[in-house]
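Report on the structure
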Amino acid sequence: MKVLQVSAEIFPLLKTGGLADIAGALPIALNASGCAVRVLLPGFAPILADLQSDSVLTELTAPWGERVQLRQGVLGSLGIAAYVIDAPDLYARAGTPYEDAQRQAHHDNHLRFALLGWVAAQLACGLDSHWRPAVVHSHDWHAALTSAYLAFGPTQGRRVASVYTVHNLAYQGVFAPIHFFDLGLPTQAFSVNGLEFHGQLSFMKAGLYYADHITTVSPTYAREIQTPEQGCGLDGLLRSRAHELSGILNAVDEAVWNPATDATIPAAFDAKKPAGKALCKAALQQQLGLAVKPDVPLFGLVSRLTEQKGLYLVLAVLDELIARGGQLVVLGTGDAALEDAFLARAAAHPQAVSVRIGYDEAHAHRIFAATDVTLVPSRFEPCGLTQMYGFKYGSLPLVHRVGGLADTVVDCALENLADETANGFVFDAFTPEALARAMRRAWALYERKSEWRNVRQRAMQQSLGWNKAAAQYVALYHRLLS
Ligand code: ADP
Ligand code: GLC
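Residue numbers run consecutively from 1 along every chain, following the written order of its sequence. To read the labels, note that chains go from A and ligands from 1, taken in the order they are written. This being a predicted model, a pLDDT of at least 70 is required before a residue's local features are given, and a value of 80 or more before pairs of side-chain atoms are given or counted; all residues contribute to the totals for chains, interfaces and linings. No hydrogens and no water enter the side-chain calculation; it runs on all heavy atoms of the structure.

Focus: the site of ligand 2
As a reminder of what qualifies: Proximity criterion: a residue is near a molecule or strand once any of its heavy atoms comes within 4 Å of it. Between N or O atoms, a polar contact is any pair within 3.5 Å; within protein, one atom must be a potential hydrogen donor and the other a potential acceptor, and residues adjacent in sequence are included only when both atoms are from side chains. Each accessible area value is a Shrake-Rupley result obtained with a 1.4 Å probe; residue values ignore everything except the protein chains displayed when judging cover.
Residues in close proximity to ligand 2 total 14 residues, the closest being H167, N250, E381, C383 and G384. Residue H167 places a side-chain N or O atom 2.6 Å away from an oxygen atom belonging to ligand 2. Between ligand 2 and G384, the relevant distance is 2.8 Å, taken from an oxygen atom to a main-chain nitrogen or oxygen of the residue. Burial of ligand 2 by the protein chains amounts to 93% of its free accessible area of 310 Å².

This is the structure we're talking about:
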């Protein structure tokens, strides 16, 4: 089965969050399950630079008249066949894929990402005479117009199934309505049954309304987004499509996240031979100027510093964490107020708190390897990957019971310890008090060394690889095509 995966980011070439991890791992997992996957990506500099054996497939005129080239080749770092849209005027810019160096959204993001969906639909309609996908699977608002273009496109009678995956409903790609006229879609698409959202143009709605099937990245989030509390204004539409909406839990790329083979950490370890973890902890404490103490719980936080991630709760319990003798390592970038608040705490307690502002893949690996507990207190979390990386590296996750966190972490309550399902710490109310109580549970378990080791070993041995999720996606594709 030929499958085209469409996304704005892909690990290891371009990553601002978990979307890239999934976009990099899913094609490989699907290929291993018998699919023939190609990816379509915007021509951001690192992506073009990685494209090998490439040639220009064709030149195209976008609906708004811009001339672009479509290149095809193989992404050298992943070994995946790829189409890349070569449009330097749109993609060759400083900053993130979405924002300029001053963190302002690019003024023409509607065009930059409409092009991605438009080219995906052209490929689905036979643009490459040697390769035509049976399924087009697009990810997040950046690729969401794919389904709308397909719905109105000349598929020449051939069935092309469209799947749209929501990685985060909070980022919707909403633009002024005037931009609708650039897109080349029929006017009927700008209605409540289409792309119109409270008078604005919504890319997210294009995916939710026109895709044959919607998935999101955990079963619990699939239910949550159908409620007014978590539906971001789209819960009504999602409820109306409940039969075409499902949650497929993300997985871990075990070739990248494996402490037994990870070249970025100072000592290798695994569930059966965990000794190297203590070395990783001592090395990180030393490197960051924390007190080098083997027996104090070291908490880790690797996160975008945004409101979603529940970080004010962490700031609220930090005094207690320090007073108990614990330590915290933070790696993140995002809202200036959160960056400043964490930096101030590190400056006040340099032996107990280390904060690095920025994006650093290797440092993230070293944090999972060194820490005892991974904090993920998110207000909402579609899936969350860091709690799973915590499992793999023996850093037990402490999480808020929402979304994919609820689907992956089982609290160390006595009954869960007794039946050997516990693998972390979970709190319900989104309050500092609830987080503090979960932190105290973590502490209590940490002080029972052999029980801690048992839970940690079990957490590390969980199977979190892509087999299961890939099989679910393949079953979905088959069902849509049958
Ligand atoms: P989200 O996609 O909402 O940011 P996820 O938990 O799904 O949350 O994925 C976050 C990914 O980004 C993980 O791979 C995590 O390790 C990584 N990450 C987040 N912040 C940083 C950072 N500052 N430096 C390195 N990696 C980071
Ligand atoms: C989003 C979500 C996160 C999820 C990731 C990958 O960024 O915020 O919860 O793990 O996508 O699906």
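Okay, back to it.
Focus: the side chain of D262
Worth spelling out the cut-off: Numbering of helices and strands runs from the N terminus, with a helix taken as a DSSP run of H or I at least four residues long and a strand as a DSSP run of E at least two residues long. Burial classification: accessible surface area is computed with a 1.4 Å probe over protein chains only, and a residue below 20% of its type maximum counts as buried, one above 50% as exposed, and the rest as partly exposed. His is not counted here, nor are the chain ends, while Lys and Arg score as positive and Asp and Glu score as negative. Within this document, salt bridges are pairs made up of a side-chain nitrogen of Lys or Arg and a carboxyl oxygen of Asp or Glu, the two lying within 4 Å of each other.
Along the chain, D262 turns up in the loop between strand 12 (245-247) and helix 9 (275-288). Buried D262, no salt bridge; nearest opposite-charge side chain is R366, N-O distance 7.7 Å. A polar contact is formed between the side chain of D262 and the side chain of T264, at a distance of 2.4 Å.

Details of the domain arrangement of the chain
For clarity, the threshold we go by: A domain assignment, automatic or from a database, supplies the domain bounds used here. Contacts between residues were defined by any pair of non-hydrogen atoms, one from each residue, lying within 4.5 Å. Two parts placed together each lose some accessible area; with a 1.4 Å probe, that loss summed over both constitutes the buried area. Basically, the charged four are Asp, Glu, Lys and Arg, the nonpolar ten are Ala, Val, Leu, Ile, Met, Phe, Trp, Tyr, Cys and Pro, and anything else, Gly included, counts as polar.
Per the domain assignment, the segments of the chain are domain 1 (2-251 + 466-481) and domain 2 (275-460). Centre-to-centre, using C-alpha coordinates, domain 1 lies 33 Å away from domain 2. Residue-level contacts link 21 residues of domain 1 with 22 residues of domain 2. For the pairing of domain 1 and domain 2, the buried interface totals around 1,500 Å² over both sides, and the portion due to carbon and sulfur atoms is 53%. If you sort the residues of domain 1 by the area they bury against domain 2, K15, R103 and L249 come out on top, with a joint share of 25%. Inspection of the region where domain 1 meets domain 2 yields two salt bridges. Between K15 and E361 there is a salt bridge, with its nearest N and O atoms 3.1 Å apart. Here domain 1 is connected to domain 2 by 10 residue pairs in polar contact (both at pLDDT 80 or more). Secondary structure elements with two or more residues in the side of domain 1 that touches domain 2: helix 1 (18-32) and helix 7 (219-224). At four residues, helix 7 tops the list of elements feeding residues into the side of domain 1 that touches domain 2. For the side of domain 1 that touches domain 2, a count of residues per class yields nine nonpolar, eight polar and four charged.

As for the layout of surface pockets
Note the cut-off: Both site types are read off a 1 Å grid over the protein atoms alone. A 1.4 Å probe that fits but cannot get out defines a cavity, while an open set with protein on both sides within 12 Å along at least five of seven lines defines a pocket; lining residues have an atom within 4 Å of a point. Grid points are joined across faces, edges and corners, and a volume is the space filled by probe spheres set on the points.
Volume-wise, the second largest pocket comes out at about 360 Å³. Listing elements by their share of the lining of the second largest pocket, those giving two or more residues are helix 13 (386-392), helix 14 (403-408) and helix 18 (467-481). A total of four residues in the lining of the second largest pocket trace back to one element, the largest contributor, which is helix 18. When grouped by side-chain class, the residues that make up the lining of the second largest pocket number eight nonpolar, eight polar and two charged. Of the domains in this structure, domain 1 (2-251 + 466-481) and domain 2 (275-460) are the two that each give at least three residues to the lining of the second largest pocket.

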